[in-house]
Amino acid sequence: QVYLVESGGGLVQAGGSLRLSCAASGRAFSTYTMGWFRQAPGKERDFVIAISWSGGVTYSSDSVKDRFTISRDNAKNTVDLQMNSLKPEDTAIYYCAATTRSRYTTRDDFYYWGQGTQVTVSS
């Protein structure tokens, strides 16, 4: 069982930065792939980025790859998302998620979810 809690969201102007953090409970955290999804108003919850237990990173787009960095600290049971050069289209609720599946780019691939944290980017 894994319980996830996100933090670090807020309001930022376009071009600014935010750092999101996900704190996890669970004895087997280090074996999980950890991902971030986001859901904008009226939109589906979409994959953003993930990091596997071995450190491999998967990106949803070149725009994400150029601006976002995911990292994990297995000793602290945390995963962070550093977001730079934010754009208004990044505005969404951001969710942390965990899975043991080898595929992890869709919502159905993930077993556990946090409550989400709001990120708002003004123009």
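Keep in mind the model is a prediction, meaning the values are calculated, not measured.

Caption draft 1: Representation of the state of the cysteines. Using the criterion set out here, one finds one disulfide in the structure. A disulfide bridge connects C22 with C96, and the sulfur atoms are separated by 2.2 Å. Judged by the sign of its S-S torsion, about -85°, the cystine formed by C22 and C96 is left-handed. With C22 in strand β3 (residues 18-25) and C96 in strand β9 (residues 92-99), the pair connects residues that are 74 residues apart, well separated along the chain.

Caption draft 2: Structural detail: the pattern of salt bridges. For the coordinates displayed, the defined rule picks out five salt bridges. Between D90 and R38 there is a salt bridge, with its nearest N and O atoms 2.9 Å apart. Taken together, the residues D90 in the loop between β8 (78-83) and β9 and R38 in strand β4 (residues 33-39) connect sequence positions 52 residues apart. The residues D90 and R38 share a single accessibility class, namely buried.

Caption draft 3: Expanded view of the pairing of strand β1 (residues 3-7). Taking every second residue as pointing to the same face, the buried face of β1 carries L4 and E6, while none of Y3, V5 and S7 on the other face is buried. Relative to β3, β1 runs antiparallel, the two being bridged by five bridges. Along β3, the bridge assignment pairs L4 with A24.

Caption draft 4: Layout of the nonpolar core. M34, W36, L81, M83 and Y94 are the most contacted members of the largest nonpolar core, which totals 27 residues. Mapped onto this core, the elements with two or more residues apiece are β3, β4, β5 (46-51), β7 (68-73), β8, β9 and β11 (117-122). One finds F37, A50, A97 and F110 within the second-largest nonpolar core, a separate group that totals six residues.

The rules behind these values
- Residues numbered from 1 in each chain as written.
- Predicted model: local features only at pLDDT ≥ 70, side-chain atom pairs only at ≥ 80, totals over all residues.
- Heavy atoms only, no water.
- Disulfide = S-S within 2.5 Å.
- Helix = DSSP H or I, 4+ residues; strand = E, 2+ residues; numbered from the N terminus.
- Salt bridge = Lys/Arg side-chain N within 4 Å of Asp/Glu carboxyl O.
- Buried < 20%, exposed > 50% of the residue type's maximum accessible area, 1.4 Å probe, protein only.
- Pairing = 2+ DSSP bridges.
- Core = buried A, V, L, I, M, F, W, Y, C linked by side-chain atoms within 4.5 Å.

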